[in-house]
Amino acid sequence: MRAKLVVGNWKMNLTRPEAASCVEALVKQIDSYEDVEVGLCPSYLSIPVVGNLLQGKSILLGAQDVFWAGSGAFTGQVSPSMLKEVGVQICIVGHSEPRGRFGKLEIPESTISYFGETDQTVNLKLKALLYHGIVPILCVGETLAEREAGKTDSVIQDQLAGALDGIDAAEFIAGVVAYEPVWAIGTGKTCDTEEASRVCGMIRTHLAKLLDQDAADSIRVLYGGSVKAANAKELFRAPDIDGGLVGGASLNPEEFVQVIRAAH
Ligand code: 13P
């Protein structure tokens, strides 16, 4: 039986004092459940302060991205050992935003190419995280145009194959995959439960082909995209959805606590 996992992705939000207040409010209200794991992915700058506040708590400390090299002339990047050294246990990889795929376009289209994550860079980052014992949360998902063209499953299968190239079942068995339909991220549009569950199930079937059945049965497949207190219970009840990767709603401790409760 897979424990549910609910991870807050704070994206580029919350200064360090704001991050500290958010964690303090969260730990006061959160119940600890045996069947639900919780994680938080603050900005790089807030990881140490959040990590200090989570000492002795069962909430996992996460990062939103990583670079694959150990060290060197990579201005602006952060290595897996730097994350490890500040206590990071989980890390998001291949989110649609660094891939340059936005649900709601908030930056000029002409700058999209600056967000250059590809399946190949995702693969290098996954390998680096696994080597350092940090649990990756691999994000996959289709844009609205891809969905309307009937390409949802093939896009996701290609993303999985590219990301997991050269990685075997034993290496990824503790890994996590998050299905995040790009059109549902930050837009308030949630993928309906039936379809979210179908896609999460398809992901598990494909993981069994790429890795093996044991790994596919162990890997948590999360749903992300406008998850909130109002829809979490229904989504998490679906047998193929093992929890959520939560953006906006994780910035509000009261709301996030309700999302976590919904997973119990
Ligand atoms: P929202 O919950 O704000 O739609 O963001 C989802 C997401 O991208 C989590 O990684």
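All of these numbers come straight from a predicted model, not from anything done at the bench.

Some thoughts on the nonpolar core
For step 1, the next point in the chain: Counting residues in each nonpolar core, the largest one holds 67 residues, and the members touching the most others are L138, I203, L207 and F236.
For step 2, the next point in the chain: With 7 residues, the top contributor of residues to this core is helix 8 (residues 193-210).
For step 3, the next point in the chain: Here L138 is in contact with V93, R99, V122, L126, L160, A163, L164, F172, V176, V177 and A178, once residues within four sequence places are set aside.
For step 4, the next point in the chain: Grouped together as the second largest cluster of nonpolar side chains are 12 residues, V7, L60, A178 and L222 included.

Concerning the pairing of strand 7 (residues 220-224)
For step 1, the next point in the chain: Across the 5 residues of strand 7, 5 count as buried, placing the element largely inside the fold.
For step 2, the next point in the chain: Here 4 bridges tie strand 6 (residues 176-179) to strand 7, and the two strands are oriented parallel to one another. The residue of strand 7 that forms the bridge with V176 is R220.
For step 3, the next point in the chain: Sheet topology places strand 7 next to strand 8 (residues 243-246); 2 bridges connect them, and they run parallel. Directly across from Y223, in strand 8, lies its bridge partner G244.
For step 4, the next point in the chain: Handedness of the β-α-β unit built from strand 7, helix 10 (residues 229-237) and strand 8 comes out right-handed.

As for the site of the ligand
For step 1, the next point in the chain: Around the ligand, the neighbouring residues are N9, K11, H95, E180, A184, I185, G186, G225, S226, L245, G247 and G248.
For step 2, the next point in the chain: At 3.0 Å from an oxygen atom of the ligand is found a side-chain nitrogen or oxygen belonging to N9.
For step 3, the next point in the chain: In the model, an oxygen atom of the ligand is placed 2.9 Å from a nitrogen or oxygen of the G248 main chain.
For step 4, the next point in the chain: Expressed as a share of its isolated accessible area of 310 Å², the protein-covered part of the ligand is 94%.

Describing the packing of aromatic side chains
For step 1, the next point in the chain: Tallied over the entire structure, the rule returns 4 aromatic pairs.
For step 2, the next point in the chain: Ring geometry for F67 and F74: centres 4.7 Å apart, planes at 40°, overall tilted.
For step 3, the next point in the chain: Taking relative accessible area as the criterion, F67 reaches 11% and is therefore assigned buried.
For step 4, the next point in the chain: Their ring planes at 85° and their centres at 5.3 Å tell us that F102 and F115 sit as a pair that is edge-to-face. With F102 in the loop between strand 4 (90-93) and helix 4 (119-131) and F115 in the loop between strand 4 and helix 4, the pair connects residues that are 13 residues apart, well separated along the chain.
For step 5, the next point in the chain: Classification of F102 by relative accessible area gives partly exposed; the value is 23%.
For step 6, the next point in the chain: Residue classification places F115 among the partly exposed positions, given a relative accessible area of 32%.

Remarks on helix 10
For step 1, the next point in the chain: Within helix 10, the full set of buried residues consists of N231, A232, L235 and F236. Relative to the axis of helix 10, the buried residues are bounded by an arc of 125° and lie together on one face. Away from its buried face, by an angle of more than 90 degrees, helix 10 presents the exposed residues A230, K233 and R237.
For step 2, the next point in the chain: Where helix 10 is buried, its residues meet strand 1 (4-9), helix 8, strand 7, strand 8 and helix 11 (253-263).

A look at the sheet that holds strand 2 (residues 36-41)
For step 1, the next point in the chain: The sheet built from 8 strands closes into a barrel, its strands ordered 1-2-3-4-5-6-7-8 with parallel pairing. Pairwise comparison of adjacent strand axes, ignoring direction, gives a mean angle of 25° for this sheet.
For step 2, the next point in the chain: Sheet strands touched by helix 6 (residues 152-163): strand 5 (135-140) and strand 6. Its angle to strand 5, the strand with the most contacts, is close to 150°.
For step 3, the next point in the chain: Against the sheet, helix 11 touches strand 1, strand 2 and strand 8, its axis set at about 165° to strand 1.

Observations concerning the side chain of K4
For step 1, the next point in the chain: As for its placement among the helices and strands, K4 is situated in strand 1.
For step 2, the next point in the chain: It turns out K4 is buried and unbridged, and the closest side chain with the opposite charge, D242, is 4.9 Å from it.
For step 3, the next point in the chain: Apart from residues no more than four positions distant in its own chain, K4 is found in contact with D35, V36, E37, R220, F236, A238, I241, D242, G243 and A263.

The rules behind the values
- Residues numbered from 1 in each chain as written.
- Predicted model: local features only at pLDDT ≥ 70, side-chain atom pairs only at ≥ 80, totals over all residues.
- Heavy atoms only, no water.
- Core = buried A, V, L, I, M, F, W, Y, C linked by side-chain atoms within 4.5 Å.
- Buried < 20%, exposed > 50% of the residue type's maximum accessible area, 1.4 Å probe, protein only.
- Helix = DSSP H or I, 4+ residues; strand = E, 2+ residues; numbered from the N terminus.
- Contact = heavy atoms within 4.5 Å.
- Pairing = 2+ DSSP bridges.
- Right-handed = clockwise from strand over helix to strand, strands pointing away.
- Near = heavy atom within 4 Å.
- Polar contact = N/O pair within 3.5 Å; in protein donor to acceptor, adjacent residues only side chain to side chain.
- Areas by Shrake-Rupley, 256 points an atom, 1.4 Å probe, with all protein chains shown as cover.
- Phe/Tyr/Trp six-rings, centres within 6.5 Å; stacked < 30°, edge-to-face > 60°.
- Arc of directions from axis to C-beta.
- Axes fitted to C-alpha atoms, helices over the stretch in contact; angles between N-to-C directions.
- Lys, Arg positive; Asp, Glu negative; His and termini not counted.
- Salt bridge = Lys/Arg side-chain N within 4 Å of Asp/Glu carboxyl O.

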